[in-house]
Amino acid sequence: MLSYRHSFHAGNHADVLKHTVQSLIIESLKEKEKPFLYLDTHAGAGRYLLNSEQAERTGEHQEGIARVWDCPDLPEAMAPYINVVRQLNTNGNLRYYPGSPLIARELLRPQDSLQLTELHPSDYPLLRTEFSKDDRARVARGDGYQQLKAKLPPVSRRALVLIDPPYEIKTDYQAVVEGIAEGYKRFATGVYALWYPVVLRQQIKRMVHALEETGIRRILQIELAVRPDNSHRGMTASGMIVINPPWKLEVQMAEILPWLHGKLVPEGTGHTALNWIVPE
Ligand code: SAM
């Protein structure tokens, strides 16, 4: 079953949170000269047209990136991410939104590399074309979870692994934990960033519990809710769970989260959370 298309959701509040965290991690990894791998297990199409039929049907970006991309009081640490959005939209109109692979492409250095996997028969060719001239990138059509076995540890022994499934099948909530455990077994020093939606809080509690059970340490949780938990109204919040976060990430998000919440949810509903699921 592959009915999920990210084009309906590109640039929504969940993407803004996810891509903020992604860019902060990349910027921290760049503080050392040594190359690193960016491994994206569920990469999507790479670039999204915000006035496409799909995007216009939901209008989700209007309550996401449209609320922050031209803010004069943007927190400094968000500049690398927002600059990628601005570079795609140089005439001042917000037309395109970069997916996680494009954000990585713009932020990575010549010595770094990208491993991108996408399963969807329509999104994969778009992604491949997007990266056809980038020697640093390998684009594969396949199951992203397999890459956690096949590509880890990386030759460079440094990596950010982004795991961002659609959760259209309930087994994704277990598959992500199993995938992380597999990856971690091979490569315990990597940075793993897992995105999750809050649709039913119980599913997230179970997923977090399963993560605790793996015995993995240094697990930071970052969450932004636009509405209170509710079992009837779709996604109310989203979050990022980061294993081995760069030391600055917690401090950066402590500043960014309240700002983001204020901009994305001017009505003030929902909440933010920043806590260690498992500390050092
Ligand atoms: N990471 C992207 C970004 O931030 O721009 C968005 C990814 S979207 C949430 C999830 C993607 O996973 C979809 O494009 C979907 O087609 C793809 N997908 C679903 N199952 C997959 C699997 N088993 N392996 C790889 N990709 C898969």
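Conventions adopted
Residues numbered from 1 in each chain as written. Predicted model: local features only at pLDDT ≥ 70, side-chain atom pairs only at ≥ 80, totals over all residues. Heavy atoms only, no water. Axes fitted to C-alpha atoms, helices over the stretch in contact; angles between N-to-C directions. Helix = DSSP H or I, 4+ residues; strand = E, 2+ residues; numbered from the N terminus. Parallel < 35°, antiparallel > 145°, perpendicular 65-115°, else oblique. Left-handed = near helix turned anticlockwise from the far one by under 90°. Contact = heavy atoms within 4.5 Å. Nonpolar A, V, L, I, M, F, W, Y, C, P; charged D, E, K, R; others polar. 1 Å grid on protein atoms, 1.4 Å probe; cavity = no way out; pocket = protein on both sides within 12 Å on 5 of 7 lines; lining within 4 Å. Points joined across faces, edges and corners; volume = space filled by probe spheres on them. Near = heavy atom within 4 Å. Polar contact = N/O pair within 3.5 Å; in protein donor to acceptor, adjacent residues only side chain to side chain. Areas by Shrake-Rupley, 256 points an atom, 1.4 Å probe, with all protein chains shown as cover. UniProt positions renumbered as here; feature names shortened; annotations may be inferred. Buried < 20%, exposed > 50% of the residue type's maximum accessible area, 1.4 Å probe, protein only. Phe/Tyr/Trp six-rings, centres within 6.5 Å; stacked < 30°, edge-to-face > 60°. Expected span 1.5 Å × (residues − 1). Arc of directions from axis to C-beta. Pairing = 2+ DSSP bridges.

Draft legend 1. Region of interest: the packing of helix H7 (residues 172-186) against helix H8 (residues 201-213). Relative to each other, H7 and H8 sit at 20°, their axes nearing to 10 Å. Classified by the interaxial angle, the pair formed by H7 and H8 is roughly parallel. Considering the relative orientation of H7 and H8, their crossing is right-handed. Across the interface between the two elements, Tyr173, Val176, Val177 and Ile180 from H7 touch Gln203, Ile204, Met207, Ala210 and Leu211 from H8. Looking at the contact of H7 with H8 residue by residue, the classes come out as eight nonpolar, one polar and no charged.

Draft legend 2. How the structure looks around the layout of surface pockets. Estimates place the volume of the second largest pocket at around 340 Å³. Along its surface, the second largest pocket is lined by 17 residues, and Ser28, Leu29, Lys32, Arg158 and Pro246 are the ones closest to its centre. Classifying every residue of the lining of the second largest pocket by side-chain character gives seven nonpolar, four polar and six charged.

Draft legend 3. Structural context of the site of the ligand. If you check the shell around the ligand, you find 21 residues, and the closest are His19, Ser100, Glu118, Gly144 and Asp164. Within the side chain of Asp164, one N or O atom sits 2.7 Å away from a nitrogen atom of the ligand. When the ligand is considered free in solution it has 610 Å² of accessible area, and contact with the protein chains removes 95% of it. Tallied by class, residues from the shell around the ligand come to five nonpolar, ten polar and six charged.

Draft legend 4. Highlighting the UniProt feature "active site" (unreviewed entry) in the protein. The sites that carry the UniProt feature "active site" (unreviewed entry) are, in the present numbering, Asp164. Mapping Asp164 onto the fold places it in the loop between strand S6 (159-163) and H7. What makes Asp164 buried here is its relative accessible area of 12%. Those residues in contact with Asp164, other than ones at most four positions away along the chain, are Lys18, Thr41, His42 and Trp195. Separated by 2.7 Å, the side chains of Asp164 and Lys18 make a polar contact.

Draft legend 5. Structural context of the packing of aromatic side chains. Per the counting criterion, the structure on display carries three aromatic pairs. On the basis of an interplanar angle of 45° and a centroid distance of 4.7 Å, the ring pair of Tyr167 and Tyr173 is categorised as tilted. For the residue pair Tyr167 and Tyr173, the accessibility class agrees, reading buried in each case. Ring centres 6.0 Å apart and planes at 55° place the aromatic pair Tyr167 and Trp195 in the tilted group. Here the residue Tyr167 occupies a position in the loop between S6 and H7, and Trp195 occupies one in strand S7 (residues 191-198), the gap between them amounting to 28 residues.

Draft legend 6. Looking closely at the UniProt feature "site: Interaction with substrate rRNA" (unreviewed entry) in the protein. Residues annotated in UniProt with the feature "site: Interaction with substrate rRNA" (unreviewed entry) correspond here to Tyr4. The topology assignment puts Tyr4 in the segment before helix H1 (13-29). In this structure Tyr4 comes out as partly exposed when scored by relative accessible area, which is 28%. Polar contacts involving the side chain of Tyr4 include one to the side chain of His6, which spans 2.7 Å.

Draft legend 7. Spatial organisation of H8. An ideal rise of 1.5 Å per residue puts 18 Å on 13 residues; H8 measures up with 18 Å between its terminal C-alpha atoms. Those residues of H8 that fall on the buried side of the exposure criterion are Arg201, Gln203, Ile204, Met207, Val208 and Leu211. When H8 is viewed along its axis, its buried side chains cluster within an angular range of 160° and face the same direction. For H8, the exposed residues set more than 90 degrees away from the buried face come down to Lys205, Arg206 and Glu213. Lining the buried residues of H8 we find H7, S7, strand S8 (219-225), strand S9 (237-243) and strand S10 (271-278). Gly215 occupies a position one or two residues after H8 and carries a positive phi of about 85°.

Draft legend 8. Structural context of the packing of helix H3 (residues 79-88) against helix H4 (residues 100-107). Two numbers describe how H3 lies on H4: the axes approach to 10 Å, and their chain directions differ by 100°. As summarised for this structure, H3 and H4 are arranged roughly perpendicular, according to the angle between their axes. Here H3 contributes Pro80, Tyr81, Val84, Gln87 and Leu88 to the contact with H4, which in turn contributes Leu102, Ile103, Glu106 and Leu107.

Draft legend 9. A look at the sheet that holds S7. Pairing in this open sheet of eight strands is mixed, and the strands run S5-S4-S1-S6-S7-S9-S8-S10 from one edge to the other. Looking along the sheet, the strands with just one partner apiece sit at the ends: strand S5 (137-141) and S10. The sheet shows a mean angle of 15° between the axes of neighbouring strands, taken without regard to direction. As defined by bridge partners, S6 adjoins S7 across four bridges and the pair is classed as parallel. When the bridges of S7 are listed, Leu160 appears paired with Val191. Lying over the sheet, H4 contacts strand S1 (37-40), strand S4 (113-118) and S6, oriented at roughly 170° with respect to S1.

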